[in-house]
Amino acid sequence: MAVAALRLLGPAARRAGGGAPCRSHRLTPADDELYQRTRVTVLEPESPNTMFIEGYTNRGFTISGDLVVGPCAILPRAILQWNVGSYRDISHESLSLFRLLEPHIEILVLGTGDRVERLHPAVLKQMRACGIAVEVQDTPNACATFNFLTSEKRVAAAGLIPPRGTYMGM
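Every residue gets a number counted from 1 within its own chain, in the order that chain's sequence is written. Where totals are concerned, whole chains, interfaces and linings use all residues; where local detail is concerned, this predicted model gives features only for residues with pLDDT of at least 70, and gives and counts side-chain atom pairs only at 80 or more. The basis for the side-chain values is all heavy atoms of the structure; hydrogens and waters are excluded.

### Looking at the sheet that holds strand S7 (residues 133-137)
Read across the open sheet, the 5 strands follow the order S5-S4-S8-S6-S7; overall the sheet is mixed. In the strand order of this sheet, the two ends are held by strand S5 (78-81) and S7, each with one partner. Sheet twist, expressed as the mean angle between neighbouring strand axes with direction ignored, is 15°. If DSSP finds at least two bridges between two strands, the strands pair. Note on conventions: DSSP H or I runs of at least 4 residues are helices, E runs of at least 2 residues are strands, and numbering of each starts at the N terminus. Note on definitions: angles span 0 to 180 degrees between N-to-C directions of axes, and those axes are lines fitted to C-alpha atoms, for helices only across the stretch in contact.

### Here's the deal with the pattern of salt bridges
Throughout this description, the term salt bridge denotes a Lys or Arg side-chain nitrogen within 4 Å of a carboxyl oxygen of Asp or Glu. Tallied over the full model, the rule gives 3 salt bridges. Notably, a salt bridge pairs Glu-106 with Arg-154, separated by 2.7 Å at the nearest N-O pair. You can see Glu-106 sitting in the loop between helix H4 (96-99) and strand S6 (107-111) and its partner Arg-154 sitting in the loop between helix H6 (139-151) and strand S8 (156-160), a full 48 residues away along the chain. A simple rule labels every residue: compare its accessible area, found with a 1.4 Å probe on the protein chains alone, to the largest value its type can have, and call it buried under 20%, exposed over 50%, or partly exposed in between. What makes Arg-154 partly exposed here is its relative accessible area of 36%. Residue Arg-164 pairs with Asp-114 through a salt bridge whose shortest N-O separation is 3.7 Å. One end of the pair, Arg-164, is in the loop between S8 and strand S9 (168-169); the other, Asp-114, is in the loop between S6 and helix H5 (121-129), with 50 residues separating them in the sequence. You can call Arg-164 exposed: its relative accessible area is 71%. Owing to a relative accessible area of 37%, Asp-114 belongs among the partly exposed residues under this scheme.

### Remarks on the nonpolar core
Among buried residues, those of type Ala, Val, Leu, Ile, Met, Phe, Trp, Tyr and Cys that are joined through side-chain atoms within 4.5 Å constitute a nonpolar core. Of all hydrophobic cores here, the largest spans 18 residues; its most connected members are Trp-82, Ile-90, Leu-95, Phe-98, Ile-105, Leu-108 and Leu-110. By definition, residues are in contact when any of their heavy atoms lie within 4.5 Å. Filtering out sequence-adjacent residues up to four positions away, Leu-108 remains in contact with Leu-95, Phe-98, Met-127, Ile-132, Ala-133, Val-134, Glu-135, Ala-157, Ala-158 and Gly-159.

### Notes on the layout of surface pockets
Cavities and pockets were defined on a 1 Å grid built over protein atoms only: a cavity is a set of grid points that admits a 1.4 Å probe from which the probe cannot escape, a pocket is an open set flanked by protein on both sides within 12 Å along at least five of seven lines, and lining residues are those with an atom within 4 Å of any such point. Grid points are joined across faces, edges and corners, and a volume is the space filled by probe spheres set on the points. As a volume, the second largest pocket reaches approximately 160 Å³. Around the second largest pocket, the lining comprises 13 residues; the ones closest to its centre are Ser-86, Thr-112, Gly-113, Ile-161 and Arg-164. Residues are grouped as follows: Ala, Val, Leu, Ile, Met, Phe, Trp, Tyr, Cys and Pro are nonpolar; Asp, Glu, Lys and Arg are charged; all remaining types, including Gly, are polar. Taken together, the residues of the lining of the second largest pocket break down into 4 nonpolar, 4 polar and 5 charged.

### Re the environment of Leu-149
Looking at the secondary structure, you find Leu-149 in helix H6. Expressed as a C-alpha distance, the spacing of Leu-149 and Ile-107, which sit 42 residues apart in the sequence, is 8.8 Å.

### A word on the environment of Gly-60
Position of Gly-60 relative to the elements: it lies in strand S2 (residues 60-63). As for Gly-60 and Gly-70, which are separated by 10 residues in sequence, their C-alpha atoms are 4.7 Å apart. Setting aside its immediate chain neighbours within four residues, Gly-60 contacts Val-68, Val-69, Gly-70 and Pro-162.

### With respect to the packing of aromatic side chains
What counts as a ring pair is set by centres within 6.5 Å for rings of Phe, Tyr and Trp (its six-membered ring), and what kind of pair is set by the plane angle: stacked under 30 degrees, edge-to-face over 60, tilted for all other angles. Applying the stated criterion across every chain yields a total of 1 aromatic pair. Centre to centre, the rings of Trp-82 and Phe-98 are 5.9 Å apart; their planes meet at 80°, and the pair counts as edge-to-face. Here Trp-82 is found in the loop between S5 and H4, whereas its partner Phe-98 is found in helix H4, with 16 residues between them in sequence. Given a relative accessible area of 7%, Trp-82 falls into the buried group.

### Quick notes on the environment of Asn-147
With respect to the helices and strands, the residue Asn-147 is situated in helix H6. Taking relative accessible area as the criterion, Asn-147 reaches 8% and is therefore assigned buried. In this structure, the C-alpha to C-alpha distance between Asn-147 and Ile-53, residues 94 residues apart in sequence, is 6.5 Å. Identification of polar contacts relies on pairs of N or O atoms within 3.5 Å, with a donor-acceptor requirement for protein atoms, meaning one able to donate a hydrogen and the other able to accept it, and with residues adjacent in sequence counted only if both atoms are side-chain atoms. Among the polar contacts listed, one links the side chain of Asn-147 to the backbone nitrogen of Ile-53, at a separation of 2.9 Å.

### Thoughts on the side chain of Thr-139
Of note, Thr-139 is situated in helix H6. Thr-139 sits in the buried class, given a relative accessible area of 0%. Here Ile-161 takes part through its backbone oxygen, which lies 2.6 Å from a polar atom of the side chain of Thr-139. When neighbours within four sequence positions are excluded, Thr-139 is seen to be in contact with Phe-61, Gly-111, Thr-112, Gly-113, Ile-161 and Pro-163.

Honestly, it's all geometry; don't read function into it.
Below, the structure is given as structure tokens:
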């Protein structure tokens, strides 16, 4: 009869009555956890040569403190003027610069201005055949994507056309 009464009262009554202990979360650290320290060792410091897009205007870009006017190609260690006027000028020939790089880039981020514009499928197919993934975005998102990829130490490049909008700091 006493066992049936303990079942009806629940876990608190069972613990008081000598039943099996209930597991619960520990709120304080154990003795061995109090004296352990976490250490972080930086194996490779941030590279001073990493390109970072700080902002853009309708006239150009601010990249690692340098102002670049007009469309530009951002390579892992250089910034170049890119000879395109709009997304319609992006062709196999205008992308040849990115295919010739050593070491080969993993991903090319293309910023096509204010909107995501569709490029000719043959151009994208040729880049994939060279082992380069191409991401086509509007320029604001392309800037953010490029910064994210380079912060992860990916070998990335960008071809950016300034948007017609106003200044945006990043």
